[in-house]
Amino acid sequence: MDKLTGKPFVNYFMLSVVCFLLFVVQYTDGLMIKINGCTALLPVSAVFCISVYFREWKGAIMGLFVGILMDTVSSGSLIFNSLTLLLLGCFTGLVATCYFNRNIFSGIILCLAFSFVYFLIKWLVFAVIPGYFSLSVLLISYLPQAVYTAISNFILYLVFGFVIKKIQLKRE
C-alpha cells in the first residue's frame, strides 16, 4: 500500500496532472482532431498507459479519477465512466503484470483490447440495454471511435514508455 508521503505522492500527483491535462484537451472545443465526427478519448488512453506501466492499483485509482472527470461532463449515467475505467484500469494492470511483457506486440494487443472492451461496454449500456439495439450505432459511432482511441492508446503507450525511461520513474 502506498503512503501519501514522498515519492509515491509525487507520482500520483504527476499522473493526476497528466490525466487532467488530457481531459482538458479532450473536452475543449477545437483542440482535438475529429475524423468523421469522432474523436479519440485521450483520458481513456491515459488510464490504459498508467495501468500498463504502473500496475493495477494506480491504474484503478487513475481510472476512478479520470472516470469522475469524464462523468462530470457526460450526459449519460453519472457513474458509468468511473466504474468502467476503475475496473478496466485494474484488470488491464493485472493482465499486463501477470500475462504480458512490456513490448510492442503486447502493447498493440492490450491497446486494441482495452479500447474495444470500453466501447463495447458503452454500447451495451447505452444502446442495447435501453432497448435501442442497433448495429448501425455500433458500426457508425462506437467502432470508429474505438479504433481512433486504440491508435491514441498506442501513441501514448510509446510516449509514456519513452518518458518513463528518460526520467526513470519508480514503478512499484
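Residues numbered from 1 in each chain as written. Predicted model: local features only at pLDDT ≥ 70, side-chain atom pairs only at ≥ 80, totals over all residues. Heavy atoms only, no water.

## Description of the environment of Pro-130
- Within the secondary structure, Pro-130 is located in the loop between α4 (104–128) and α5 (135–167).
- Residue classification places Pro-130 among the partly exposed residues on the basis of a relative accessible area of 45%.
- Leave out the neighbours within four places in its chain, and Pro-130 touches Leu-124 and Val-125. (Helix = DSSP H or I, 4+ residues; strand = E, 2+ residues; numbered from the N terminus. Buried < 20%, exposed > 50% of the residue type's maximum accessible area, 1.4 Å probe, protein only. Contact = heavy atoms within 4.5 Å.)

## What about the nonpolar core?
- Residues Phe-48 and Tyr-118 are the most contacted members of the largest nonpolar core, which totals 40 residues.
- Those elements that provide at least two residues to this core are α1 (6–27), α2 (42–73), α3 (80–98), α4 and α5.
- Those residues in contact with Tyr-118 that sit more than four places away from it in its chain are Leu-41, Val-44, Met-70, Phe-80, Asn-81, Thr-84, Leu-85 and Leu-88. (Core = buried A, V, L, I, M, F, W, Y, C linked by side-chain atoms within 4.5 Å.)

## What about the packing of aromatic side chains?
- Counted under the stated rule, the structure contains 9 aromatic pairs.
- On the numbers, 5.5 Å between centres and 55° between planes, the contact of Phe-48 with Phe-114 is tilted. Remark: Phe-114 occurs in helix α4 and Phe-48 occurs in helix α2; sequence separation between them is 66 residues.
- Given the relative accessible area of 0%, Phe-48 is considered buried.
- Between Phe-80 and Tyr-118, the aromatic rings sit 6.1 Å apart at their centres with planes inclined by 45°, giving tilted as the arrangement. Taken as a pair, Phe-80 in helix α3 and Tyr-118 in helix α4 lie far apart in primary sequence, 38 residues in all. Grouping residues by exposure puts Phe-80 and Tyr-118 together as buried.
- Three or more aromatic residues joined by ring pairs form one cluster here, namely Phe-48, Tyr-53, Phe-114, Phe-154 and Tyr-157.
- When the ring centre of Tyr-12 is taken as reference, the NZ or CZ atom of Lys-58 above it lies at 5.1 Å. (Phe/Tyr/Trp six-rings, centres within 6.5 Å; stacked < 30°, edge-to-face > 60°. Lys NZ or Arg CZ within 6 Å of the ring centre and 35° of its normal.)

## Here we look at the packing of α2 against α4
- One way to put it is that α2 packs onto α4 with a least axis distance of 15 Å and a crossing angle of 25°. Accordingly, the angle class assigned to the pair α2 and α4 is roughly parallel. Here α2 runs over α4; the crossing is right-handed. Together, Val-44, Val-47, Phe-48, Val-52 and Met-70 of α2 and Gly-107, Leu-110, Cys-111, Phe-114 and Tyr-118 of α4 make up the contact between the two elements.
- When its residues are assigned to classes, the contact of α2 with α4 shows 9 nonpolar, 1 polar and no charged. (Axes fitted to C-alpha atoms, helices over the stretch in contact; angles between N-to-C directions. Parallel < 35°, antiparallel > 145°, perpendicular 65-115°, else oblique. Left-handed = near helix turned anticlockwise from the far one by under 90°. Nonpolar A, V, L, I, M, F, W, Y, C, P; charged D, E, K, R; others polar.)

## Some thoughts on α4
- In this model α4 runs 34 Å from its N-terminal to its C-terminal C-alpha over 25 residues, within 8% of the 36 Å that 1.5 Å per residue would give.
- Every buried residue belonging to α4 is among Ser-106, Gly-107, Leu-110, Cys-111, Phe-114, Ser-115, Tyr-118, Phe-119, Lys-122, Trp-123 and Ala-127, and all of these are buried. (Expected span 1.5 Å × (residues − 1).)

## Notes on the environment of Val-73
- Inspection of the secondary structure puts Val-73 in helix α2.
- Sequence separation between Val-73 and Tyr-27 is 46 residues; the distance between their C-alpha atoms is 8.4 Å.
- Among residues more than four places away in sequence, those in contact with Val-73 are Phe-23 and Tyr-27.

## Considering unusual backbone geometry
- For Arg-55, which is not a glycine, the phi torsion comes out positive at approximately 75°.
- Here Arg-55 lies in helix α2.
- The exposure class of Arg-55 is partly exposed, given its relative accessible area of 38%.

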